[in-house]
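Spelled out from the first residue to the last, the chains are:
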Amino acid sequence: MSATTKERPTKDTTKTTASGEPWRPQSMIEDNPVGLPEEVAEELIPKLDEIQCTLWTLYHQYHKHHWLVEGPQFRDLHHFLEEHYEEVHKYTDRIAERITALGGIPTSAPANQAKLSHVEHEPEGTFRIRQSLKNDLEAERTLAVLVRETIDAALDLKDHGTKRQLERLLTATEDRAHHLDHFLGEDTLDHNMLGDE
């Protein structure tokens, strides 16, 4: 199979540095080995790239909260957040691998990922744990909406492999959001744990 390349419909942020110039710029899409038409790959790769960039932001935010969590529920939340960032990392890898299967190159530079992410990094510093978890829940909601939209696009384009990967991601995203919502519940034995103080 010949490797044809097409210009990617997103802005190319590749720069020539001391490392040299890449032999294949990110803006080019190769023929894919899975038999999908070029137009399908061209439409889905940028959408998948936005998802994997959003996942990276969420991964970093969960990791930050894992490092900084304090208080009476420290141990439970520390492990809870670790499970979440490990799961998010797993799906980040799966989506990036799907991009390569479609003939694309996932965005990997953190600054470029931040530009494509649908979730903004939380500002530096420590937030109260309730606010941190609220920020995580909002990020999960944003991700879920983005993933659902892309599932619909994949289905319309008859890319069942991408649709299946995204459905698995959506289930995991909704599950994390559900667990965050439970942690944010206001039923507790300790009245001091209700507030942000």
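Notes on the structure in this doc start here. All values derive from a computational prediction rather than experimental measurement. (Residues numbered from 1 in each chain as written. Predicted model: local features only at pLDDT ≥ 70, side-chain atom pairs only at ≥ 80, totals over all residues. Heavy atoms only, no water.)

### Some points on the overall build of the protein chain
Within the protein chain, the secondary structure is distributed over five helices and two strands. Helices and strands in the protein chain line up, N terminus first, as β-β-α-α-α-α-α. For the protein chain, the residues scored as buried account for 41% of the 197 residues in total. Long-range contacts, defined as pairs at least 24 residues apart, comprise 77% of the intrachain contacts of the protein chain with a sequence gap of at least 6. Of the roughly 11,300 Å² of accessible surface on the protein chain, 50% is carried by carbon and sulfur atoms. (Helix = DSSP H or I, 4+ residues; strand = E, 2+ residues; numbered from the N terminus. Buried < 20%, exposed > 50% of the residue type's maximum accessible area, 1.4 Å probe, protein only. Contact = heavy atoms within 4.5 Å. Areas by Shrake-Rupley, 256 points an atom, 1.4 Å probe, with all protein chains shown as cover.)

### Remarks on the environment of aspartate 175
Tracing the sequence through the fold places aspartate 175 in helix 5 (residues 160–183). Separated by 35 residues in the primary sequence, aspartate 175 and glutamate 140 place their C-alpha atoms 9.6 Å from one another.

### Describing the packing of aromatic side chains
By the definition in use, this model includes three aromatic pairs. Consider the rings of tryptophan 56 and tyrosine 59, whose centres lie 5.5 Å apart with planes at 90 degrees: the pair is edge-to-face. Pair noted here: tryptophan 56 and tyrosine 59 are both in helix 1 (residues 38–68), with a separation of three residues, about one helical turn. In this structure tyrosine 59 comes out as buried when scored by relative accessible area, which is 15%. When the ring of tyrosine 59 is compared with that of tyrosine 85, the centres are 5.8 Å apart and the planes differ by 90 degrees; the resulting orientation is edge-to-face. Here the residue tyrosine 59 occupies a position in helix 1, and tyrosine 85 occupies one in helix 2 (residues 74–101), the gap between them amounting to 26 residues. (Phe/Tyr/Trp six-rings, centres within 6.5 Å; stacked < 30°, edge-to-face > 60°.)

### With respect to a positive patch on the surface
A contiguous patch of positive charge on the surface is contributed by Lys90, Arg94, Arg164 and Arg168. When contributions to the positive patch are tallied by element, the ones reaching two or more residues are helix 2 and helix 5. Relative to the helices and strands, arginine 164 resides in helix 5. (Patch = residues over 30% accessible without salt bridge, like charges linked within 9 Å, V, L, I, M, F, W, Y side chains within 5 Å. Salt bridge = Lys/Arg side-chain N within 4 Å of Asp/Glu carboxyl O. Lys, Arg positive; Asp, Glu negative; His and termini not counted. Charge placed at Lys NZ, Arg CZ, Asp CG, Glu CD.)

### A closer look at the side chain of serine 132
With respect to the helices, strands and loops of the structure, serine 132 is situated in helix 4 (residues 129–156). Those residues in contact with serine 132 that sit more than four places away from it in its chain are His65, Glu122 and Phe127.

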